[in-house]
Amino acid sequence: AQSVTQPDIHITVSEGASLELRCNYSYGATPYLFWYVQSPGQGLQLLLKYFSGDTLVQGIKGFEAEFKRSQSSFNLRKPSVHWSDAAEYFCAANAGGTSYGKLTFGQGTILTVHP
Amino acid sequence: KAGVTQTPRYLIKTRGQQVTLSCSPISGHRSVSWYQQTPGQGLQFLFEYFSETQRNKGNFPGRFSGRQFSNSRSEMNVSTLELGDSALYLCASSLEGNHGYTFGSGTRLTVV
């Protein structure tokens, strides 16, 4: 079955520290990959997406993600975290083809930022 | 450019009632998807519509249904509400359904 796994439920970092959130996927072929962020009580905001090509993807708010086919991973990174980055982060995948509109999400990683 | 608009933001319903939620996509987007978000099950895909046709459906009972109008606005309906239907319902729109999804702020449904 197609699945997306975020191994870390909760991560705490200090403001200014670097961040890496992990995401692994299990699909027959490489899916389209996404990272979203959600603040409490809000919808999801797209940070970045990977369809093909360059394996290092730049997104909004200073985030980037690296696609590694050999590890079936799409990890999100930020060199220096700001207090406003505290939120829940979701990795998601779409199989393409006729999988219209169907995103499979990981369970999410809650990011806490200490001053 | 207006984003995805979901109405209402909050709803409280009684078990056994039915509810209709509305979603207006970004102008020009023809694909609308619906998701249910709960603490226990996370984000789960409900269904997707494109040009008034349902193209994909998730694993939800028949009490959950939807439709899309000619202007791409979409509604979802839940009949015979159960306590377990309490959730944040999110709508997402896309140009054609696979490349990039923009989400609305959601409708928080509470069933009592």
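So, here's what we can say about the structure.

Cut-offs applied
- Counting restarts for each chain: residues are numbered from 1 in the order of the written sequence.
- Written order determines the labels here, with chains lettered from A and ligands numbered from 1.
- Thresholds applied to this predicted model are a pLDDT of at least 70 for local features of residues and 80 or more for the giving and counting of side-chain atom pairs; totals over whole chains, interfaces and linings are not thresholded and use all residues.
- For the side-chain quantities, the full set of heavy atoms in the structure was used; hydrogens and water were omitted.
- The contact rule is simple, with two residues in contact once any of their heavy atoms fall within 4.5 Å.
- Buried area is understood as the total, over both parts, of accessible area removed when two parts are fitted together, assessed with a 1.4 Å probe.
- The rule for a salt bridge is simple: a side-chain nitrogen of Lys or Arg has to be within 4 Å of a carboxyl oxygen of Asp or Glu.
- A 3.5 Å cut-off defines polar contacts: any pair of N or O atoms within that distance qualifies, except that in protein one atom must be a possible hydrogen donor and the other a possible acceptor, and neighbouring residues in sequence count only when both atoms are side-chain atoms.
- Comment: elements are numbered from the N terminus, with helices defined as DSSP H or I runs of at least four residues and strands as E runs of at least two.
- Amino acids outside the nonpolar list (Ala, Val, Leu, Ile, Met, Phe, Trp, Tyr, Cys, Pro) and the charged list (Asp, Glu, Lys, Arg) are all regarded as polar, and Gly is one of them.
- Remark: nonpolar core denotes a set of buried residues (Ala, Val, Leu, Ile, Met, Phe, Trp, Tyr, Cys) joined through side-chain atoms within 4.5 Å.
- Note on classification: 1.4 Å probe, protein chains only; a residue is buried when its accessible area is under 20% of the maximum for its type, exposed when over 50%, partly exposed between these limits.

Where interface size is quoted, it is often the accessible area lost as the parts come together. At the junction of the two partners, chain B supplies 23 residues and chain A supplies 23 residues. Note on chain B versus chain A: buried area summed over both sides is about 1800 Å², and carbon and sulfur give 53% of it. Between the two partners, chain B and chain A, sit zero salt bridges. Our count for the contact surface shared by chain B and chain A stands at nine residue pairs in polar contact (both at pLDDT 80 or more). At the level of elements, β4 (31-38), β5 (42-50), β6 (53-57) and β9 (87-94) of chain B are the ones that each hand at least two residues to the side of chain B that touches chain A. For the side of chain B that touches chain A, the element with the most residues is β5 of chain B, which contributes four residues. Broken down by class, the residue content of the side of chain B that touches chain A amounts to seven nonpolar, twelve polar and four charged.

We now examine the side chain of R63 of chain B. All names here are of chain B. Here R63 shows up in the loop between β6 and β7 (64-68). There is a polar contact of 3.2 Å between the side chain of R63 and the backbone oxygen of T80. Not counting the four nearest positions on each side in its chain, R63 is found in contact with N77, V78, S79, T80, L81, E82 and D85.

Moving on, we get to the nonpolar core. Within the largest apolar cluster, 27 residues are counted, with the highest numbers of intra-cluster contacts made by L19, W35, L47, L48, F74, L76 and Y89 of chain A. Considering every element that reaches this core, the biggest residue donor is strand β10 (residues 87-94) of chain A, with four residues. Discounting chain neighbours no more than four positions away, the residues touching L47 of chain A are W35, Y36, V37, G59, I60, K61, F63, L76 and Y89 of chain A. The next biggest cluster of nonpolar side chains, apart from the first, holds 21 residues, and it includes V4, L46, F60 and L81 of chain B.

To continue, consider the pattern of salt bridges. All names here are of chain A. The final tally for this structure, using the stated rule, is nine salt bridges over all chains. Between R22 and D8 there is a salt bridge; the shortest N-O distance is 2.9 Å. Residue R22 is found in the loop between β3 (19-21) and β4 (24-26), and its partner D8 is found in the loop between β1 (3-5) and β2 (10-14); the two are separated by 14 residues along the sequence. Here E64 makes a salt bridge to R77, at a shortest N to O gap of 3.2 Å. Residue E64 is found in strand β8 (residues 64-68), and its partner R77 is found in strand β9 (residues 73-78); the two are separated by 13 residues along the sequence. Residues joined in a network through salt bridges with shared partners are E64, E66 and R77.

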